[in-house]
Every structure is written in structure tokens, then in C-alpha cells.
Amino acid sequence: MPNASSWSASSPLLLLWEDSSGTRIFLSLLYAVLAISGTLSNVMVIYLVFSFKKLQTTSNAFIVNGCAADLSVCALWMPQEAVLGLLPPNSSSLRSAEYRLLRGGLLGLGLTVSLASHLLVAFNRYVLITKLPSVYQALYQRRHTGCMIGLSWALALLLVPLLPGLWTPGSAQQPPPRQTDGGSRYTALLLALAVLGQTALLLHCYLGIVRRVRGSAKRVSVLNFHLLHQLPFPAAPPPPRRAQRRLSSVSVLLLCCVFLLGTQPLVWVSLLGFFLRPAPPALQAASWLLLCSLSALNPLLYTWRSEEFRRA
């Protein structure tokens, strides 16, 4: 039975030394599918926003920022994992510390900016729906929006070098003491608490939107903003008020459920490993896979109910 320290250098998140060749091939194919679908969907969203003026809104600027970050995972990191999973564990390509650091940096940078973009989109929509139009216009000027996007990348560039043990595995001969090393355990705890805090803020924003929409459908319908079409519920043609409130709530809650499914397993696996005992390696791998798969799903989450994106 594999133990918690038997992570493979070829794929620190999913593959174990003891995995059979069939398992490694299956996981490599899974990475390849996520890489192709995620790259195409993220590139398509970026292309549409830059090609159609109606889509060039503040909310979509944050979505494009998240898509650019997700490309770091889907187009740059996942293809490498798909190829490396097919190589033997003792391959010389897997022993380079610099190469492992590069792969870890791509993963950490993409996931950090992507999670920050989720929060920026949620807060943008929360201010749009629950605050006065003058407050929204003052807060989301072009300069302020650019600063928010720049801060998300600056935060990621600061955190990735400070937390290298979280994103990079050990060598093939010396598996990383991910769960036994004190520094790595505290790094995992910091990641769990950061994602948990980000999730709490995101849920506060979206549940606040649900309460406002359910309480006053008329308030939403009279807002004359292009951003209204970027909400996770259809804006045109408007259904009857009761149906609109029900559809709005279901759509927002569905988005939140998908996000929770992708992020929370890793949070609780990390907390379990810090306070009690390390989770089984397969469970750790599955939690990381769910988090990384969000990079391929994010474009669909934010555009599937948008009339403007469908027309484009």
C-alpha cells in the first residue's frame, strides 16, 4: 500500500511510484483531455471579448484575466504532465530541479491568479447588484480595474517563490517529505486557509446577489448596465418575475456548487493532514485534480448563461 511520501517526481499531484502503467496512461490521457478542452475554451473566451465591443466590460475584464491565468495551467502545465506521466520514473528528464521548479511555478502562478479572478468577478457582480450605480461607477473606473488585475498577478508572483515546496516535488530518488516536513505542512495549512477565506468571501458575494434578486426582481430589471448580461442568469428576454427569481437563484447556486466541488476537497485534505494524519495519497491526488480541472471549466462557468456570449 503506498504511503504518503511516495509521490512520483513525474507528476507530484496524481502519479505514485507504485502506479501501474495502465493507471499512468489513463491519467496522462485525462491530463491531455483537460489540456485541450481547457486551452480551447479559454482562448475562445479571450478571443470573443477582444473581438466584440459589447463584451468589453469590466466584469469580462476579470474573466479574461482568469482565462489568461488558466492558460498557464491548461496550455503550459497540463501538457507537460501528460507527457511526463508516460516516461519511466527514473527518466533523467524528471530529475532536474530547475525543470521541476518551472513546472511548479506555472501551476502556482496559474492557480493563484485564477482563484483571485474568481473573487474579483464575484465582488464586481455584488457591487453591481447591491450598491448604487454611482458607487459602482466610482469603484470600477478603468484605472482601478487595471490595478485590481495587476495586484492579482503581483500577489501570485510574490507567493510562488515564497512557497516553492507547495508546488514542486522532490527528486525521483528522494521523494518529497510533503506530509512529514514541518515547513511543507505549514505551507499546506496556509494554502487551505487562504482558499477557505477566498471561498467565504465569494459565497458572501453570490449569496448577497441571490438575496437581493429574490427580494427585488424589479431592481435588477431596471439597471441599465451591459454587465447585467454577464450575470450567471439570463437577462433577456426576461421571464416572469417568480420564474426569474427562481432561475437566478438556481444558476448562482449551481456556480457556487461547482466552485466548492473544485476547491474544498483540497482544503479539507490539507487540514486533515495538518491536524490529524495525512490523507491517503489517492485522496490527495483526487483533490488536486479537482482543483486543476477548474482551469478548464472556468470559461464555461462564466459564459454558459450569457446571451451576449452566445450571440458572439
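Above this note sits the structure.
Residues numbered from 1 in each chain as written. Predicted model: local features only at pLDDT ≥ 70, side-chain atom pairs only at ≥ 80, totals over all residues. Heavy atoms only, no water.

A.B. asks: Sorry, what's going on with helix H3 (residues 97-130) here?
C.D. replies: Note on helix geometry: an α-helix contains 3.6 residues per turn, so any two residues three or four positions apart are oriented the same way. An ideal rise of 1.5 Å per residue puts 50 Å on 34 residues; H3 measures up with 49 Å between its terminal C-alpha atoms. The buried count for H3 comes to 27 of 34 residues, which makes it a mostly enclosed element. (Helix = DSSP H or I, 4+ residues; strand = E, 2+ residues; numbered from the N terminus. Expected span 1.5 Å × (residues − 1). Buried < 20%, exposed > 50% of the residue type's maximum accessible area, 1.4 Å probe, protein only.)

A.B. asks: For this particular structure, what's the right way to read the packing of aromatic side chains?
C.D. replies: The geometry of an aromatic ring pair is captured by the separation of the ring centres together with the interplanar angle, meaning the angle of the planes. Evaluated as defined, the whole model comprises four aromatic pairs. For the pair Tyr-31 and Trp-77, a centre-to-centre distance of 5.4 Å together with 90 degrees between the ring planes defines the contact as edge-to-face. Pair noted here: Tyr-31 is in helix H1 (residues 21-51) and Trp-77 is in helix H2 (residues 58-84), with a separation of 46 residues, a long-range link. With a relative accessible area of 3%, Tyr-31 lands in the buried category. Given the relative accessible area of 2%, Trp-77 is considered buried. With a centroid separation of 5.0 Å and an interplanar angle of 35 degrees, the aromatic rings of Tyr-136 and Tyr-140 are classed as tilted. For Tyr-136, a relative accessible area of 5% translates into the label buried. Note on Tyr-140: relative accessible area 7%, which makes it buried. Members of the aromatic cluster, joined through ring pairs, are Phe-62, Tyr-136 and Tyr-140. (Phe/Tyr/Trp six-rings, centres within 6.5 Å; stacked < 30°, edge-to-face > 60°.)

A.B. asks: For this particular structure, what's the right way to read the state of the cysteines?
C.D. replies: Note on terminology: disulfide describes a covalent bond linking the sulfur atoms of two cysteines. Taken as a whole and assessed by the stated rule, the structure comprises zero disulfides. With no disulfide of its own, Cys-67 lies closest to Cys-74 among cysteine sulfurs, the gap being 9.6 Å. Judged by relative accessible area, Cys-67 falls into the buried class, the value being 2%. Cysteine Cys-257 remains unbridged, with the sulfur of Cys-256 as its closest cysteine sulfur at 7.0 Å. On the accessibility criterion, Cys-257 (49% relative accessible area) is partly exposed. (Disulfide = S-S within 2.5 Å.)

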